[in-house]
Amino acid sequence: MDTGTAAREPVIRLSGIARHYRMGEQTVRALDGVDLEIARNEYVAIVGASGSGKSTLMNILGCLDRPSAGEYRLNGRAVAGMAEDDLARARNRDIGFIFQSFNLLSRSTALANVMQPLVYRRIGLVERRRLASEALSRVGLAERMMHLPNQLSGGQRQRVAIARALVGRPSILLADEPTGNLDSATTVEIMALFDRLHDDGQTIIIVTHEPEIAERCLRVVRLADGRIASDRPTERAP
Ligand SMILES: Nc1ncnc2c1ncn2[C@@H]1O[C@H](COP(=O)(O)OP(=O)(O)OP(=O)(O)O)[C@@H](O)[C@H]1O
Ligand SMILES: [Mg+2]
């Protein structure tokens with residue numbers, strides 16, 4: 001592959017993406033013609049009213065769901081053309097997902113939670129442990145690796161989830177309301193962590209209801225009724 005071309009190719013390119021749900025006689029148009037390009041190292045907030053399609057969009061970006069129409073190119077490759085195992089590999093390697101509810105394994109230590117995504121790769125146990133402890137150190141949890149989720153604060157749990165999303169060095173970090181369950185001081189702490197990851201070159205997309213978080217990013221995409229209503233740089237954008 002010509003790496004020069006690959007470097008210029010957006011990480012994400014959506015053209016005419018729709019996601020319709022048939023509900024009896026009715027069709028819900030959760031997404032209705034979305035065109036969006038996101039380049040490497042962008043820092044994007046997705047905002048919009050409840051029901052505007054934000055989570056539906058994130059699920060498509062994360063290859064957890066497929067669109068009803070339109071084309072999604074991830075790192076230059078058409079997702080629709082990928083076979084199921086190819087798609088699973090893309091999901092595991094290219095995408096780091098962070099949820100509002102952390103989604104940690106409650107009976108596994110922080111370290112084991114972060115090692116988990118590497119199980120699907122051909123990486124030995126010692127190397128998995130090394131990569132996971134490195135990821136936990138990156139999020140400031142070097143001293144908490146052997147704690148279970150219920151022995152950690154909410155902010156610490158979310159940092160474990162962020163380490164788990166990062167451990168495979170994904171090209172995109174997708175976070176759906178990552179601070180929705182956190183108090184304001186912890187929210188500030190988590191946003192400072194996202195800022196640092198962005199400075200280190202990570203591409204980040206965050207769904208949020210909170211205007212302060214959206215303005216922390218460099219670009220804000222607003223959805224309304226399954227379409228992009230606006231797409232603008234924030235004040236912080238260079
Ligand atoms: N599995 C489904 N079946 C039918 N309709 C669905 C399904 N998932 C989502 N929808 C509908 O699609 C629309 C978009 O939902 P989505 O979850 O993407 O909204 P959202 O912007 O994430 O909202 P919120 O801010 O409340 O999380 C809504 O009208 C919702 O009811
Ligand atoms: Mg949602």
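Since the structure is predicted, the reported quantities are computational estimates derived from the model, not experimental observations.

**Some words on the pattern of salt bridges**
Phase 1 of the analysis: All chains considered together, the criterion is met by 18 salt bridges.
Phase 2 of the analysis: Glutamate 215 is the partner of arginine 232 in a salt bridge, and the nearest nitrogen-oxygen pair spans 2.7 Å. Residue arginine 232 is found in strand E10 (residues 227-233), and its partner glutamate 215 is found in helix H8 (residues 211-216); the two are separated by 17 residues along the sequence.
Phase 3 of the analysis: One salt-bridge network, in which partners are shared between bridges, spans Arg77, Asp85, Asp86 and Arg89.

**A look at the pairing of strand E7 (residues 172-176)**
Phase 1 of the analysis: Burial runs high along E7: five of the five residues are buried.
Phase 2 of the analysis: Burial of the side chains of E7 extends over both faces: Ile172, Leu174 and Asp176 are buried on one face and Leu173 and Ala175 on the other.
Phase 3 of the analysis: Relative to E7, strand E6 (residues 95-99) is paired through five bridges, and the arrangement is parallel. Bridge pairing links isoleucine 98 to alanine 175 in E7.
Phase 4 of the analysis: By the bridge criterion, five bridges tie E7 to strand E8 (residues 203-207) in an arrangement that is parallel.

**A look at the layout of surface pockets**
Phase 1 of the analysis: Estimates place the volume of the largest pocket at around 540 Å³.
Phase 2 of the analysis: For the largest pocket, the lining is made up of 21 residues, of which Arg91, Asn92, Ile95, Pro117 and Tyr120 are closest to its centre.
Phase 3 of the analysis: Among the elements of the structure, helix H3 (84-94), E6 and helix H6 (154-166) are those that each provide at least two residues to the lining of the largest pocket.
Phase 4 of the analysis: Top contributing element to the lining of the largest pocket by residue count: H3, with six residues.
Phase 5 of the analysis: Among the residues making up the lining of the largest pocket, the classes are represented as ten nonpolar, four polar and seven charged.

**Digging into the nonpolar core**
Phase 1 of the analysis: By size, the foremost hydrophobic cluster in this structure holds 40 residues, and its most contacted members are Leu136, Ile162, Phe194 and Ile206.
Phase 2 of the analysis: Secondary structure elements with two or more residues in this core: strand E3 (43-47), helix H4 (110-115), helix H5 (125-138), H6, E7, helix H7 (184-199), E8 and H8.
Phase 3 of the analysis: Sorting elements by how many residues they give to this core places H6 first, with six residues.
Phase 4 of the analysis: One finds Leu31, Ile46, Leu57 and Cys63 within the second-largest nonpolar core, a separate group that totals 29 residues.

**Observations regarding empty space enclosed by the protein**
Phase 1 of the analysis: Summed over the entire model, instances satisfying the criterion amount to one cavity of 30 Å³ or more.
Phase 2 of the analysis: Looking at the largest cavity, its volume works out to about 50 Å³.
Phase 3 of the analysis: It is H5 that contributes the most residues to the lining of the largest cavity, four residues altogether.
Phase 4 of the analysis: Along the lines of polarity and charge, the residues of the lining of the largest cavity split into four nonpolar, no polar and three charged.

**Focus on the site of ligand 1**
Phase 1 of the analysis: Near ligand 1, the surroundings consist of 13 residues, among which Ser50, Gly51, Lys54, Ser55 and Thr56 are the closest.
Phase 2 of the analysis: Between ligand 1 and the protein, one listed contact pairs an oxygen atom with a side-chain N or O atom of lysine 54 at 2.7 Å.
Phase 3 of the analysis: Coverage of ligand 1 by the protein amounts to 61% of the 640 Å² it exposes when considered alone.
Phase 4 of the analysis: Residue assignment for the shell around ligand 1 shows that the elements contributing at least two residues are strand E1 (12-23), strand E2 (26-38) and helix H2 (54-61).
Phase 5 of the analysis: Among the elements that take part in the shell around ligand 1, H2 stands out by supplying three residues, more than any other.
Phase 6 of the analysis: Considering only residue class, the shell around ligand 1 consists of five nonpolar, seven polar and one charged.

**A look at the pairing of E2**
Phase 1 of the analysis: Direction of pairing for E1 relative to E2: antiparallel, over a ladder of ten bridges. Within E2, the position partnered with arginine 13 by the bridge is glutamate 37.
Phase 2 of the analysis: Adjacent in sequence and paired antiparallel, E1 and E2 are bridged by two residues, among which glycine 24 carries a positive phi angle near 65°.

**Here we look at the sheet that holds E7**
Phase 1 of the analysis: Taken together, the six strands give an open sheet; going across it, the order is E6-E7-E8-E3-E9-E10, and neighbouring strands pair in mixed fashion. Each edge of the open sheet carries a strand with a single partner, namely E6 and E10. Averaged over all neighbouring strand pairs, the angle between strand axes comes to 15°, with direction disregarded.
Phase 2 of the analysis: In terms of strand pairing, strand E9 (residues 219-224) meets E10 through six bridges, oriented antiparallel. Paired with arginine 219 across the bridge in E10 is proline 233.
Phase 3 of the analysis: Strands E3, E6, E7, E8 and E9 of the sheet are contacted by H2, whose axis makes an angle of about 155° with E7.
Phase 4 of the analysis: Contacts from H6 reach E6 and E7, with the element oriented near 165° to E6.

Cut-offs and rules
Residues numbered from 1 in each chain as written. Chains lettered and ligands numbered in written order. Predicted model: local features only at pLDDT ≥ 70, side-chain atom pairs only at ≥ 80, totals over all residues. Heavy atoms only, no water. Salt bridge = Lys/Arg side-chain N within 4 Å of Asp/Glu carboxyl O. Helix = DSSP H or I, 4+ residues; strand = E, 2+ residues; numbered from the N terminus. Buried < 20%, exposed > 50% of the residue type's maximum accessible area, 1.4 Å probe, protein only. Pairing = 2+ DSSP bridges. 1 Å grid on protein atoms, 1.4 Å probe; cavity = no way out; pocket = protein on both sides within 12 Å on 5 of 7 lines; lining within 4 Å. Points joined across faces, edges and corners; volume = space filled by probe spheres on them. Nonpolar A, V, L, I, M, F, W, Y, C, P; charged D, E, K, R; others polar. Core = buried A, V, L, I, M, F, W, Y, C linked by side-chain atoms within 4.5 Å. Near = heavy atom within 4 Å. Polar contact = N/O pair within 3.5 Å; in protein donor to acceptor, adjacent residues only side chain to side chain. Areas by Shrake-Rupley, 256 points an atom, 1.4 Å probe, with all protein chains shown as cover. Axes fitted to C-alpha atoms, helices over the stretch in contact; angles between N-to-C directions. Contact = heavy atoms within 4.5 Å.

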